[in-house]
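Observations on the three-dimensional arrangement
The lines below spell out each chain.
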Amino acid sequence: QIIGSTNWSFGGSRLTGPSGKIAVSMNESLGIGLKNLYMSGASNAVMFMSQSSYGALDNVVLADMSGDGVVINDSSSIALLRAVITRCGGSGIRMTAGSVILDSSVIWSNKLHALDVRGASYISNSVLHAFGGSNACYNLNSNSLARVIADNNCIYFSGGARPALVDNIPIEGMLQWTRTT
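Keep in mind that this is a model prediction, so the values were computed, not measured.

1. With respect to unusual backbone geometry
With phi around 55 degrees, Ser 104 is a residue other than glycine that occupies positive phi space. The residue Ser 104 is located in the loop between strand S9 (93-103) and strand S10 (106-108) in this model. Given the relative accessible area of 38%, Ser 104 is considered partly exposed. Phi at Asn 152 is positive, roughly 55 degrees, even though this residue is not glycine. Turning to its location among the elements, Asn 152 is positioned in the loop between strand S15 (148-151) and strand S16 (154-158).

See the structure below:
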């Protein structure tokens, strides 16, 4: 695990990525974690791909990326805990295949969707924001709809954004709570 400083009053631990490049790319990685980091300036902050699993981002701020904040492609059991993803040029989290856990996090003021998910997701105790007519807090496809569990979240949408899109069809109501036993 890579652990940064929590001394935020003196800047903490900052990773400023090169423009047009991915700040941290994890390919076929197992159990890699990033904690207490502020990342900015890259195309994407973190990319999990090619069957990476059990990765974790804990107490991180991912800001001012030119693309998506976090990209998950063909990776499973990726956890984002106490993460802030803001002011990215794409979506906060974009997942093309895999599974993600998002807990106690804020995804706010990104150019596209808060979550663009094509896979299994558990979203809890988080704040999601979307702005703009073609964007949504949850952008899902019909295959991932039954595999999304969302509870105790606060969503805020403005400027014509929707709470959810499923296969690009606006869903006016909220995702229902799913009780698991």
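From this point, the narrative continues.
2. Re the environment of Asn 110
Relative to the elements of secondary structure, Asn 110 occurs in the loop between S10 and strand S11 (115-117). For the pair Asn 110 and Ser 91, spaced 19 residues apart in the sequence, the C-alpha separation amounts to 6.1 Å. Sequence-distant contacts of Asn 110, defined by excluding residues within four places in its chain, comprise Ile 85, Thr 86, Arg 87, Cys 88, Gly 90, Ser 91 and Gly 92. Only 2.8 Å separates the side chain of Asn 110 from the backbone nitrogen of Cys 88, close enough to count as a polar contact.

Each value, and the rule that gives it
Residues numbered from 1 in each chain as written. Predicted model: local features only at pLDDT ≥ 70, side-chain atom pairs only at ≥ 80, totals over all residues. Heavy atoms only, no water. Helix = DSSP H or I, 4+ residues; strand = E, 2+ residues; numbered from the N terminus. Buried < 20%, exposed > 50% of the residue type's maximum accessible area, 1.4 Å probe, protein only. Contact = heavy atoms within 4.5 Å. Polar contact = N/O pair within 3.5 Å; in protein donor to acceptor, adjacent residues only side chain to side chain.

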